[in-house]
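Now for the letters of each chain:
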Amino acid sequence: KQWYQRRVRDITDNLRPKSTSCGHFHCCIMPGELDAADTALMIQVLERLLNDDSFLDDEIKKEIKQYDNDGNLKIDRGEFQTMLNSYLGTISEDESSELFDDIDKDRSGYIEISELKRVLRNQIMLELDRLKLENGM
């Protein structure tokens, strides 16, 4: 059981934002990084994530707390820039601002847990579909 939990953590840790050649950001496990057993486990993990709101909330809160300087469980533009730079290396303020605006659907000036959950769910669904397609499922 501990091995399984460690492996799940290793896999979910790979669901960090990555930059694409077209300038968009997404979460992706690159093809070839997973063997058949890990692919099956990854699919299970992603399906579990989609169906477990409390797990998603907990994971998102952990991420937010790392960058939330004022402790309000929301990410402002400056905190978002710091978060992106830690994941992706230095990116421009314009790129960061554009992505922030895409995520901040209610235009509150903050990225909230619900907004991050929506983005994460979309990324998980895309990754799940890709893995299933690549593995003939």
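Before any of the text, the structure's been laid out above.
What you see is a predicted model, and the numbers here were worked out from it, not measured in a lab.

J.: Even after reading the chapter, I still don't get the environment of Leu99, so can you show me in this structure?
T.: Structurally, the position occupied by Leu99 is in helix α5 (residues 93–103). Residue classification places Leu99 among the buried positions, given a relative accessible area of 18%. It is 9.4 Å that separates the C-alpha atoms of Leu99 and Phe80, two residues lying 19 residues apart in sequence.

J.: Where do I start with helix α6 (residues 113–134) in this structure?
T.: Turn by turn, an α-helix covers 3.6 residues, leaving residues three or four places apart pointing in a common direction. In this model, α6 (22 residues) spans 31 Å end to end at C-alpha, consistent with the 32 Å of a helix rising 1.5 Å per residue. Just beyond α6, the residue with positive phi is Gly136, at close to 60°.

J.: When you look at the pattern of salt bridges in this model, what are you seeing that I'm missing?
T.: Taken as a whole, this structure holds 4 salt bridges when the rule is applied. A salt bridge links Arg77 to Asp101, with the nearest nitrogen and oxygen atoms 2.5 Å apart. Within this pair, whereas Arg77 is found in helix α4 (residues 77–88), its partner Asp101 is found in helix α5, the two being separated by 24 residues in sequence. A relative accessible area of 39% means that Arg77 is categorised as partly exposed.

J.: Help me out: how do you make sense of a negative patch on the surface in this one?
T.: On the surface, Glu93, Asp94, Glu95, Glu98 and Asp102 cluster together into a patch of negative charge. Under the relative-accessibility criterion, Glu95 is labelled partly exposed at 35%.

J.: I tried to follow helix α3 (residues 53–67) on my own but got confused; where do I start?
T.: With 15 residues, α3 should cover 21 Å at 1.5 Å per step; its first-to-last C-alpha distance of 22 Å lies within 8% of that length. The complete set of buried residues in α3 reads Phe55, Leu56, Glu59, Ile60, Glu63, Ile64 and Tyr67. Viewed end-on, α3 has its buried residues packed into an arc of 165°, placing them on one side of the element.

J.: Sorry, what's going on with the packing of α3 against α6 here?
T.: A pair of packed helices is captured by two measures, namely the crossing angle of their axes and the spacing between those axes. Where α3 contacts α6, the two axes come as close as 10 Å, and the packing angle between them is 115°. It follows from the interaxial angle that α3 and α6 lie roughly perpendicular. As for the relative orientation of α3 and α6, their crossing is right-handed in sense. Along the contact surface, α3 presents Asp53, Leu56, Asp57, Ile60, Lys61 and Ile64, while α6 presents Ile113, Leu116, Lys117, Leu120, Arg121 and Ile124. Classifying every residue of the contact of α3 with α6 by side-chain character gives 7 nonpolar, no polar and 5 charged.

The rules behind these values
- Residues numbered from 1 in each chain as written.
- Predicted model: local features only at pLDDT ≥ 70, side-chain atom pairs only at ≥ 80, totals over all residues.
- Heavy atoms only, no water.
- Helix = DSSP H or I, 4+ residues; strand = E, 2+ residues; numbered from the N terminus.
- Buried < 20%, exposed > 50% of the residue type's maximum accessible area, 1.4 Å probe, protein only.
- Expected span 1.5 Å × (residues − 1).
- Salt bridge = Lys/Arg side-chain N within 4 Å of Asp/Glu carboxyl O.
- Patch = residues over 30% accessible without salt bridge, like charges linked within 9 Å, V, L, I, M, F, W, Y side chains within 5 Å.
- Areas by Shrake-Rupley, 256 points an atom, 1.4 Å probe, with all protein chains shown as cover.
- Lys, Arg positive; Asp, Glu negative; His and termini not counted.
- Charge placed at Lys NZ, Arg CZ, Asp CG, Glu CD.
- Arc of directions from axis to C-beta.
- Axes fitted to C-alpha atoms, helices over the stretch in contact; angles between N-to-C directions.
- Parallel < 35°, antiparallel > 145°, perpendicular 65-115°, else oblique.
- Left-handed = near helix turned anticlockwise from the far one by under 90°.
- Contact = heavy atoms within 4.5 Å.
- Nonpolar A, V, L, I, M, F, W, Y, C, P; charged D, E, K, R; others polar.

Such coordinate-based values are descriptive only and should not be taken to indicate function.
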